[in-house]
Amino acid sequence: MKKIDIIAGARPNFMKIGPIIHAIHSHNESNPNESIEYRLIHTGQHYDKKMSDDFFEQLNIPQPNINLGVGSGTAAFQTANIMMRYEEAIKEWKPQLCIVVGDVTSTMACAIVAKKEWIKVAHVEGGIRSGDEKMPEEINRMVTDSITDYFFTTSTIANENLQALGHSSDKIFYVGNTMIDSLLGNLNRLIEPALWNEKQLANKEYLVMTLHRPSNVDGMESLRSLLDIINQNVGNRRVVFPMHPRTQKMYDQLGMNFKNLIITGPLSYLEFIYLIKNSAGVITDSGGITEETTVLSIPCMTLRNSTERPETITVGTNELVGTNPENIVPFLQKLTSGNWKIGGIPDKWDGATAPRIVSIISNL
Ligand code: UD1
């Protein structure tokens with residue numbers, strides 16, 4: 001494969017594509033006669049400096065060749081506009097392979113366009129499933145995988161899921177996790193956020209929380225009740241809560257104060273990982289963060305009823321807690337009293353996944 005497009009659209013994509021781009025650069029330096037030409041395409045699904053530009057800067061990702069500038073809107077609006085604009089971009093320069101990562105709207109939209117233009121599709125993080133079709137990401141995963149030619153998987157369970165769906169084994173490559181490449185590659189560059197001193201945070205004395213799933217944050221009552229339970233059951237711990245814009249919108253309407261919560265806007269990557277690494281534990285509804293806490297051995301409770309990343313529970317430090325207060329309270333007690341399970345690290349989450357992917361692509 002000589003000409004490829006790499007697609008990124010939303011915040012969790014950026015730490016997944018960064019290592020792939022760096023691995024392509026290294027490949028090209030060592031193999032000038034077999035170099036891989038690529039375009040980086042940003043769909044513009046996330047556009048705020050704090051949700052996008054800061055990540056490019058900190059992770060040394062080159063500026064995108066094209067920004068499709070789709071912006072905010074419903075899933076259908078974003079999908080349709082990304083598809084129309086990416087179709088135009090493909091007319092200008094036809095790649096042989098389109099690499100999509102993760103499970104966001106941009107992932108699915110570009111995979112469909114590429115496939116219809118007879119361009120092979122590679123899905124990094126293919127094959128994972130939560131089983132919950134009410135999550136937009138689950139639909140994105142199902143649609144993307146159904147038209148993917150090459151799967152780069154993060155877990156053996158993903159391989160099993162894909163085989164059960166009838167995908168042939170020679171198209172499925174268990175390579176590990178490029179998000180962990182970013183994590184391990186940046187551990188010595190972490191940045192202490194300003195609020196560390198402002199709020200007098202101390203090592204292992206506070207928790208970090210992130211919430212952005214529509215099911216948790218789009219309803220005023222669900223967000224209020226979650227924040228209430230957490231605020232009331234963390235004892236003398238404080239909870240740093242960097243808010244996603246989606247959550248902020250609803251939070252502002254609540255007009256309430258929670259004395260144990262330290263509310264802040266989205267943090268940059270190096271600041272966020274700094275906070276996680278030094279925390280006593282994490283409360284989240286994100287999938288990616290459960291992978292990062294697993295590798296950093298930080299206790300993590302997930303406020304969802306399902307996960308597409310079961311290895312973070314069976315191997316790692318994650319526990320699936322759900323959103324029912326009766327479940328949340330005992331887990332919070334465990335978390336704040338330091339009685340959490342000790343986890344391990346899934347195979348091949350070793351910081352060397354992207355070079356494996358590039359080596360496979362160069363031989364396709
Ligand atoms: C998306 C992904 C989700 C991922 C999350 C991480 C899908 C279906 N969901 O959800 O899997 O975990 O990103 O952040 O793709 N907004 C801004 N500034 C931005 C981006 C968004 O203010 O830079 C606001 C918009 O007004 C929008 C809301 O945040 O209404 C949600 O953005 P959207 O891209 O629709 O989905 P996310 O909730 O961010």
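Residues numbered from 1 in each chain as written. Predicted model: local features only at pLDDT ≥ 70, side-chain atom pairs only at ≥ 80, totals over all residues. Heavy atoms only, no water.

(A) Structural detail: helix α11 (residues 245-254). Every buried residue of α11 is accounted for by Thr 247, Met 250, Tyr 251 and Leu 254. Buried residues of α11 fall within an arc of 105° about the axis and therefore sit on the same side. Within α11, the exposed residues directed more than 90 degrees away from the buried face are Lys 249, Asp 252 and Gln 253. Contacts made by the buried residues of α11 are with α9 (214-217), α10 (220-232), β9 (238-242) and β10 (261-264). Looking one or two places after α11, you find Gly 255, whose phi comes out positive at around 60°. (Buried < 20%, exposed > 50% of the residue type's maximum accessible area, 1.4 Å probe, protein only. Helix = DSSP H or I, 4+ residues; strand = E, 2+ residues; numbered from the N terminus. Arc of directions from axis to C-beta. Contact = heavy atoms within 4.5 Å.)

(B) Summary view of the site of the ligand. Among the 20 residues in the neighbourhood of the ligand, the closest are listed as Gln 45, His 46, Glu 137, His 212 and Lys 249. A distance of 2.7 Å separates an oxygen atom of the ligand from a polar atom in the side chain of His 46. Between an oxygen atom of the ligand and a side-chain N or O atom of Glu 137, the distance comes to 2.6 Å. Where the shell around the ligand is concerned, the elements lending two or more residues are α1 (11-30), α5 (136-146) and α11. (Near = heavy atom within 4 Å. Polar contact = N/O pair within 3.5 Å; in protein donor to acceptor, adjacent residues only side chain to side chain.)

(C) Quick peek at the sheet that holds strand β6 (residues 150-153). One open sheet holds the seven strands; their spatial order is β3-β2-β1-β4-β5-β6-β7, and the pairing between them is parallel. The sheet is open, and its two borders are formed by β3 (66-67) and β7 (172-174), each paired with just one other strand. Across three bridges, the pairing between β6 and β7 is parallel. Bridge pairing in β7 places Thr 153 opposite Tyr 174. Relative to the sheet, helix α6 (residues 156-164) contacts β6 and β7, its axis offset from that of β7 by approximately 170°. (Pairing = 2+ DSSP bridges. Axes fitted to C-alpha atoms, helices over the stretch in contact; angles between N-to-C directions.)

(D) Representation of the state of the cysteines within the structure. Enumeration according to the criterion identifies zero disulfides in this entry. Among the cysteines around Cys 110, which has no disulfide bond, Cys 98 carries the closest sulfur, lying 6.0 Å off. Classification of Cys 110 by relative accessible area gives buried; the value is 0%. (Disulfide = S-S within 2.5 Å.)

(E) Region of the structure containing the packing of helix α4 (residues 105-116) against α5. Packing of α4 against α5 leaves a shortest axis separation of 9 Å and a crossing angle of 25°. If you check the angle between α4 and α5, you find them roughly parallel. Here α4 runs over α5; the crossing is left-handed. Residues Thr 105, Thr 107, Met 108, Ala 111 and Ile 112 of α4 form the contact with α5, whose participating residues are Asn 140, Val 143 and Thr 144. Looking at the contact of α4 with α5 residue by residue, the classes come out as four nonpolar, four polar and no charged. (Parallel < 35°, antiparallel > 145°, perpendicular 65-115°, else oblique. Left-handed = near helix turned anticlockwise from the far one by under 90°. Nonpolar A, V, L, I, M, F, W, Y, C, P; charged D, E, K, R; others polar.)

(F) Expanded view of the sheet that holds β10. A sheet is described by the order of its strands in space; here six strands give the open sequence β10-β9-β8-β11-β12-β13, paired in parallel fashion. The outermost strands of the open sheet, each flanked by one partner alone, are β10 and β13 (318-320). Going across the sheet, the axis of each strand differs from the next one's by a mean of 20°, ignoring polarity. Bridge count for strand β8 (residues 206-210) against β9 is three bridges, and the pairing is parallel.

(G) A look at the domain arrangement of the protein chain. Per the domain assignment, the segments making up the protein chain are domain 1 (2-177 + 349-363) and domain 2 (190-336). If you average the C-alpha positions of domain 1 and of domain 2, the two centres end up 27 Å apart. The interface is formed by 23 residues belonging to domain 1 together with 20 residues belonging to domain 2. Carbon and sulfur atoms make up 60% of the area that domain 1 and domain 2 hide from each other, which totals about 1,800 Å². Our enumeration of links across domain 1 and domain 2 arrives at three salt bridges. (Domains from an automatic or database assignment. Buried area = accessible area lost by both parts, 1.4 Å probe. Salt bridge = Lys/Arg side-chain N within 4 Å of Asp/Glu carboxyl O.)

(H) Structural view of the pairing of strand β1 (residues 3-8). Burial within β1 is extensive, with five of its six residues counted as buried. Pairing geometry for β1 and strand β2 (residues 37-42), over six bridges, is parallel. Looking across to β2, one finds that Ile 6 is bridged to Leu 40. In this view, the connection linking β1 to its parallel neighbour β2 by way of α1 has right-handed handedness. Taken together, the three bridges between β1 and strand β4 (residues 97-101) define a ladder with parallel strand orientation. (Right-handed = clockwise from strand over helix to strand, strands pointing away.)

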